[in-house]
Amino acid sequence: MEVLSLPDSPHSDTFPVYFLRRHLSLPLVQTILVGDSGVGKTSLLVQFDQGKFIPGSFSATVGIGFTSRDMTGTPGAAAARDGEAPERSSPCSLSYDLTGKVMLLGDSGVGKTCFLIQFKDGAFLSRTFIATVGIDFRNKVVTVDGVRVKLQIWDTAGQERFRSVTHAYYRDAQALLLLYDITNKSSFDNIRAWLTEIHEYAQRDVVIMLLGNKADVSSERVIRSEDGEMLAREYGVPFMETSAKTGMNVELAFLAIAKELKYRAGRQANEPSFQIRDYVESQKKRPGCCSFV
Ligand SMILES: Nc1nc2c(ncn2[C@@H]2O[C@H](COP(=O)(O)OP(=O)(O)OP(=O)(O)O)[C@@H](O)[C@H]2O)c(=O)[nH]1
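In this text the structure is predicted, and so the values were computed from the model without any measurement.

Here is what the cut-offs are and how they apply
- Numbering of residues starts from 1 in every chain and runs along the sequence as written.
- Residue-level local features of this predicted model are given only where pLDDT is at least 70; pairs of side-chain atoms are given and counted only at 80 or more, and the full residue set underlies all totals for whole chains, interfaces and linings.
- The helix and strand labels rest on DSSP assignments: H or I over at least four residues marks a helix, E over at least two residues marks a strand, and numbering proceeds from the N terminus.
- In this scheme the burial state of a residue depends on its C-beta neighbours within 10 Å: 20 or more other such atoms mean buried, 12 or fewer mean exposed, and anything in between means partly exposed; the C-beta positions come from the backbone.
- Whether two strands pair depends on DSSP finding at least two bridges between them.
- Using the backbone to place each C-beta atom, any residue with that atom within 6 Å of a molecule or strand is considered near it.
- Each helix should span, by expectation, one fewer than its residue count multiplied by 1.5 Å.
- Axis definition: a line fitted to C-alpha atoms, limited for helices to the stretch in contact. Angles are taken between N-to-C directions and run from 0 to 180 degrees.
- By definition, residue pairs are in contact when their C-beta atoms, positioned from the backbone, come within 7 Å.
- Joined through C-beta atoms within 7 Å, a set of buried Ala, Val, Leu, Ile, Met, Phe, Trp, Tyr and Cys residues constitutes a nonpolar core.
- Roughly parallel covers angles under 35 degrees, roughly antiparallel covers those over 145, roughly perpendicular covers 65 to 115, and oblique covers all other angles.
- A crossing counts as left-handed when the near helix is turned anticlockwise from the far one by less than a right angle, and as right-handed when that turn is clockwise.
- Note that Gly is not counted as nonpolar here; it falls among the polar residues with everything else outside the nonpolar set of Ala, Val, Leu, Ile, Met, Phe, Trp, Tyr, Cys and Pro and the charged set of Asp, Glu, Lys and Arg.
- Scored between 0 and 100, pLDDT is the confidence that the predictor attaches to each residue.

### Quick notes on the overall build of the chain
So, point 1. A count of helices and strands for the chain gives 10 helices and 9 strands.
So, point 2. Looking at the chain residue by residue over its 293 residues, the buried ones come to 35%.

Shown next as structure tokens:
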């Protein structure tokens, strides 16, 4: 049995129509929960799936979530798709000192979803490319200098038709990872347009990092590392090349963000100042270096 929980929040107004149209044509074993925001659709779903109730703060569902349960099995046998619900209710999830919202941006196909999966699960999704629909998120807690920072990472759809959905999420993001694909010139050329969009919709002091992804595919490279560096310098943002496939600099990107957020959140009197660009420059690995390529 598959249960779909539809959001009803102003941010996701295009989702219900899209998903109802898409899923209502599927077999009857699918059940869709619909109703106003806050009536308890997600709680009902978690209660059914795991046999427990998540008390406390209400966080509106973004887009759509689903869970499967074998009706012959016991409650809790099937976990929620992305682990968010169990994570929210486990004691470990409460164990962090500060939280930050990070968004992944860039053209469709540059590797945003793979980048996130590599960071979250240490795995690479090869071959099949399934474009992200709208927006999705994952949580991960990282420890920097003894401080646990919960990163809420939002993976956005790069396709133009989802832009109006993703714009709404820029506002309260503390950090943006802007990706291009080193084997795709137009994804690099579009970075300026992305930066214009960011300046229009995001907070003024948002942390931005430029990432040239797919650095493992050196044979198909069309954008030189120096070009990425030059563009980043022009906009005053840190830059590095990454590979969602090998993992090169993936963790570093998020750690640098976490360090910056930690620094901003609790600047102590005698704490040395933290410069994210210097940190990234000192830590980043370069393609061709070490064992990554
Ligand atoms: N070789 C290589 N392939 C990659 C890398 N990152 C992603 N890919 C491949 O590139 C394709 C697109 O990756 P996605 O992560 O789905 O791209 P996306 O940016 O999330 O795309 P949208 O969801 O449409 O915005 C997939 O076929 C991936 O396997 C990488 O670092 N190296």
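Back to the text.
### Some details on the pairing of strand β5 (residues 135-144)
So, point 1. Bridge count between β5 and strand β6 (residues 147-156): 10 bridges; the pairing is antiparallel. Following the sheet pairing, Phe137 is matched in β6 by Trp154.
So, point 2. In textbook terms, the turn of a hairpin is the stretch between consecutive antiparallel strands, and for β5 and β6 this stretch comprises 2 residues, one of which, Asp145, has a positive phi near 50 degrees.

### Remarks on the site of the ligand
So, point 1. Of all residues adjacent to the ligand, which total 23 residues, the nearest are Ser108, Gly111, Ala131, Thr132 and Gly158.
So, point 2. Looking at the shell around the ligand, the element that brings in the most residues is helix α4 (residues 112-121), giving 3 residues.

### Comments concerning helix α9 (residues 250-265)
So, point 1. Across its 16 residues, α9 extends 23 Å between first and last C-alpha, which sits within 8% of the 22 Å expected from 1.5 Å per residue.
So, point 2. For α9, the full list of buried residues reads Val250, Ala253, Phe254, Leu255, Ala256, Ile257, Ala258, Glu260, Leu261, Lys262 and Tyr263.

### Description of the sheet that holds strand β7 (residues 175-181)
As a general point, the strands of a sheet are linked pairwise by backbone hydrogen bonds and lie either parallel or antiparallel.
So, point 1. Strand order across the open sheet formed by 6 strands is β5-β6-β4-β7-β8-β9, with mixed pairing between neighbours. Since the sheet does not close on itself, it has two edges, and those belong to β5 and β9 (239-241), each with one partner. If you compare each strand with its neighbour and ignore which way they point, the axes differ by 25 degrees on average.
So, point 2. In terms of strand pairing, strand β4 (residues 98-105) meets β7 through 4 bridges, oriented parallel. Each bridged residue has a counterpart across the sheet, and for Val102 the counterpart in β7 is Ala175.
So, point 3. Contacts from helix α7 (residues 191-201) reach β4, β7 and β8 (207-213) within the one sheet, and its direction differs from that of β7 by about 165 degrees.

### Quick word on the nonpolar core
So, point 1. Judged by nonpolar contacts, the single largest core of 52 residues is most densely connected at Leu178, Met209 and Ile257.
So, point 2. For Met209, the contacting residues outside a window of four places in its chain are Leu177, Leu178, Val237, Pro238, Ala253, Ala256 and Ile257.

### Observations regarding the packing of α9 against helix α10 (residues 276-283)
The angle between the axes and the distance between the axes are what describe a pair of packed helices.
So, point 1. Where α9 meets α10, the axes come as close as 10 Å, and the angle between the chain directions of the two elements is 150 degrees. By the angle between their axes, α9 is roughly antiparallel relative to α10. By crossing handedness, the relation of α9 to α10 is classed as right-handed. Facing α9, whose interface residues are Leu252, Ala256, Lys259 and Glu260, α10 presents Ile276, Tyr279, Val280 and Gln283.

### Examining the packing of α4 against α9
So, point 1. The N-to-C vectors of α4 and α9 enclose an angle of 80 degrees; their axes lie 9 Å apart at closest approach. Judged by the angle between their axes, α4 and α9 are roughly perpendicular. Contacts between α4 and α9 pair Phe115, Gln118 and Phe119 from the former with Val250, Glu251 and Phe254 from the latter.
So, point 2. Of the residues contributing to the contact of α4 with α9, the split by class is 4 nonpolar, 1 polar and 1 charged.

### Remarks on the pairing of β8
So, point 1. Across the 7 residues of β8, 7 count as buried, placing the element largely inside the fold.
So, point 2. The side-chain alternation of β8 yields two buried faces, one formed by Val207, Met209, Leu211 and Asn213 and the other by Ile208, Leu210 and Gly212.

### Structural notes on the confidence of the model for the chain
So, point 1. Mean pLDDT for the chain: 77, with 66% of residues reaching 70 or above.
So, point 2. Low pLDDT, under 50, characterises residues 1-14; the predicted model gives this stretch 53 contacts beyond four residues in sequence or across chains.
So, point 3. Confidence drops under pLDDT 50 across residues 16-28; counting only partners more than four residues distant or on other chains, this segment forms 7 contacts.
So, point 4. Interface predicted TM-score (ipTM) for the complex: 0.99; the corresponding pTM is 0.72.

### With respect to the environment of Glu251
So, point 1. Tracing the backbone through its elements, the reader meets Glu251 in helix α9.
So, point 2. Its 14 C-beta neighbours within 10 Å are what place Glu251 among the partly exposed residues.
So, point 3. Taking C-alpha positions, Glu251 is 9.7 Å from Leu116, a pair spaced 135 residues apart along the chain.

### Thoughts on the environment of Leu104
So, point 1. Position of Leu104 relative to the elements: it lies in strand β4.
So, point 2. Residue classification places Leu104 among the buried positions, given that 26 C-beta atoms sit within 10 Å.

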